[in-house]
Amino acid sequence: MRDLDNGYRSEVDRINELEWYDILGKFDDANIYQTWAYGEVRYSRKGTSHIILKKNELIVAAAQVRLMRLPALAAGIAYVFWGPMWQLKNGPLDQDVYMQMLRAMVNEYSCKRRYVLRINPMIYGGDAGLLASRMKQEGFSQVTGRQPSRTLIKDLRTTKEELRKGLAQKWRNALNKAEKTNLQVIEGTEEKLIEDFILIYRDLVERKKFVEPNDINEFKQMQTKLPEKYKMKIMLCYQDGALAAGSIYSAMGNSGLYLFGATNDAGMKNNGSHLMQWKFIEWLKDNNYLFYDLNGINPETNPGTYKYKEGLNGKHGQDVYFMGQYQICDSALSRLLVDIGERAVTAWRKKRRRVDG
């Protein structure tokens, strides 16, 4: 067990859904993957755990944890995706809070429950290197064979005029063209808008023959469970009454996040996606968000999407890598069984790719 510094203590699974959403509102690094709705839909209520860290009775960190237990065995994985949340609104970044939260999670999920504790933090830039070093000192090791995620982060801390000037020239030209075309953009959070988006999204998946990174129907379920404050924002672009493009975004903490986008042939010609992206940036600015995460890039495997996002990122953004995944385990059995299971899954996926190819 790891000792917590004086004044710190943790609580596990003592809060309800409404209380969890109140907690999300305290953090700049809150995100949709840490919402109760995401955990319930993706993992089930029994498959999630919620831990908070208090300092002098004030909540200073929190995490939603996915629990994957191996049947009939006291072994499994406790997985934290885009967490823990530790960057309090209107407060300084305190790396000691992050480390105390790690110790609290190790105590609960590794020492007590005997899981492999695996963390994929939403940390990049100057904090990443130092925190990675401190995690290794605590006994964490980086998960091998998995490249850290790469994305583009657009800095919104300037005027709309400067943001527009900072767009890549070709991207800005496409936006200008879209604004001069007879396009109508509908915005909202209603379930019907997601249903309409799914129609054009399914057409895109079939046309491009790509594997969906996320199940869009799960996000439809999440939308019905999310409080209005945290619901995803859907935009649909029509030309002459026909749907041409659509996109789905999330906004929490101090950042917006691009989740899904789809266009058909008409949308490609009229640059409807450019218009929706710009409208979302304007909405983020109007609502005092500071950053916009374009949610993943891979110049090698998806050069077209990379060039599109790079143009949108323009002069006011960064190309960043997140820290990657780190894990720790006090149970040799859990570590062994998880390793065997993951090797089997990797081998199966490789075999399936050869068959499909």
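Below you will find a few notes about this structure. (Residues numbered from 1 in each chain as written. Predicted model: local features only at pLDDT ≥ 70, side-chain atom pairs only at ≥ 80, totals over all residues. Heavy atoms only, no water.)

## A word on the nonpolar core
Part 1: W20, I32, F197 and L259 are the most contacted members of the largest nonpolar core, which has 43 residues in total.
Part 2: With eight residues, helix α7 (residues 191-208) is the single largest residue contributor to this core.
Part 3: Ignoring any residue separated from it by four or fewer positions in sequence, one finds F197 in contact with I216, L236, G246, S247, I248, F260, G261 and A262.
Part 4: Formed by 34 residues, the second largest nonpolar core is a distinct cluster that contains A61, V65, V80 and L102. (Core = buried A, V, L, I, M, F, W, Y, C linked by side-chain atoms within 4.5 Å. Buried < 20%, exposed > 50% of the residue type's maximum accessible area, 1.4 Å probe, protein only. Helix = DSSP H or I, 4+ residues; strand = E, 2+ residues; numbered from the N terminus. Contact = heavy atoms within 4.5 Å.)

## Notes on the pattern of salt bridges
A side chain with one charge may pair with a side chain of the opposite charge, provided their charged atoms come close.
Part 1: In total, this model carries 23 salt bridges according to the counting rule given.
Part 2: The salt bridge partner of D13 is R113, with a shortest N-O separation of 3.4 Å. In this pair, D13 is assigned in the loop between β1 (8-12) and α1 (17-24) and R113 in the loop between α3 (95-112) and β5 (116-120), connecting sequence segments 100 residues apart.
Part 3: You can call R113 partly exposed: its relative accessible area is 24%.
Part 4: Residues E218 and R42 are paired through a salt bridge, measuring 2.8 Å at the closest nitrogen-oxygen approach. (Salt bridge = Lys/Arg side-chain N within 4 Å of Asp/Glu carboxyl O.)

## What about the packing of aromatic side chains?
Part 1: All told, the structure shown has 21 aromatic pairs when counted by the stated rule.
Part 2: Through a chain of ring-to-ring contacts, three or more aromatic side chains come together here, namely Y33, Y38, Y43, Y79, F81, W82, Y124, F197, Y201, F219, F260 and F322.
Part 3: Geometry around W278 places R164 over its ring, the cationic atom sitting 5.6 Å from the centre. (Phe/Tyr/Trp six-rings, centres within 6.5 Å; stacked < 30°, edge-to-face > 60°. Lys NZ or Arg CZ within 6 Å of the ring centre and 35° of its normal.)

## Notes on the sheet that holds strand β14 (residues 326-328)
Hydrogen bonds along the backbone pair up the strands of a sheet, which may run parallel or antiparallel.
Part 1: In space, the seven strands of this open sheet follow the order β1-β2-β3-β4-β5-β14-β6, with mixed pairing throughout. Both edges of this open sheet fall to β1 and β6 (141-142), since each of them pairs with a single strand only.
Part 2: The pairing of β5 with β14 spans three bridges and is antiparallel. Note that in β14 the partner of R118 across the bridge is Q327.
Part 3: Against the sheet, α3 contacts β1, β2 (48-55), β3 (58-69), β4 (76-81), β5 and β14, and its axis sits at roughly 135 degrees relative to β2. (Pairing = 2+ DSSP bridges. Axes fitted to C-alpha atoms, helices over the stretch in contact; angles between N-to-C directions.)

## Section: the pairing of β3
Part 1: The sheet contact formed by β2 and β3 spans eight bridges and is antiparallel. Paired with S49 across the two strands is V65, which belongs to β3.
Part 2: Linkage of β2 to β3, two consecutive antiparallel strands, is achieved through a turn of two residues, within which N56 is found at a positive phi near 50 degrees.
Part 3: Relative to β4, β3 runs antiparallel, the two being bridged by four bridges. By the bridge assignment for β4, L67 is matched with A78.

## Here's the deal with the packing of helix α2 (residues 36-43) against helix α8 (residues 216-225)
Part 1: At their nearest, the axes of α2 and α8 sit 9 Å apart, and the two run at 135 degrees to each other. One element, α2, and the other, α8, form an angle in the oblique class. As for the relative orientation of α2 and α8, their crossing is right-handed in sense. Across from A37, Y38, E40, V41 and R42 in α2, the residues of α8 making contact are E218, F219, Q221, M222 and K225. (Parallel < 35°, antiparallel > 145°, perpendicular 65-115°, else oblique. Left-handed = near helix turned anticlockwise from the far one by under 90°.)

## Observations concerning the layout of surface pockets
Part 1: There is about 560 Å³ of room inside the second largest pocket.
Part 2: The wall of the second largest pocket is formed by 29 residues, among which Q87, Y124, N254, S255 and F291 lie closest to the centre.
Part 3: Per-class residue counts for the lining of the second largest pocket are 16 nonpolar, eight polar and five charged. (1 Å grid on protein atoms, 1.4 Å probe; cavity = no way out; pocket = protein on both sides within 12 Å on 5 of 7 lines; lining within 4 Å. Points joined across faces, edges and corners; volume = space filled by probe spheres on them. Nonpolar A, V, L, I, M, F, W, Y, C, P; charged D, E, K, R; others polar.)

## Some details on the state of the cysteines
Part 1: The final tally for this structure, using the stated rule, is zero disulfides.
Part 2: Not engaged in a disulfide, the cysteine C329 finds its nearest cysteine sulfur in C111; these two sulfurs lie 9.4 Å apart. (Disulfide = S-S within 2.5 Å.)

## Quick notes on the packing of helix α6 (residues 169-179) against helix α10 (residues 272-286)
Part 1: Between α6 and α10, the least distance of the axes is 8 Å, while the angle of their chain directions is 95 degrees. When the axes of α6 and α10 are compared, the pair comes out roughly perpendicular. Between α6 and α10, the contacting residues are W171, A174, L175, A178 and E179 on the first element and H274, L275, Q277 and W278 on the second.
Part 2: In terms of residue class, the contact of α6 with α10 is built from six nonpolar, two polar and one charged.

## Some points on α2
Part 1: Burial within α2 is extensive, with six of its eight residues counted as buried.
Part 2: Of the positions making up α2, those classed as buried are W36, A37, Y38, G39, V41 and Y43.
Part 3: Two residues or fewer after α2 comes S44, characterised by a positive phi angle close to 80 degrees.

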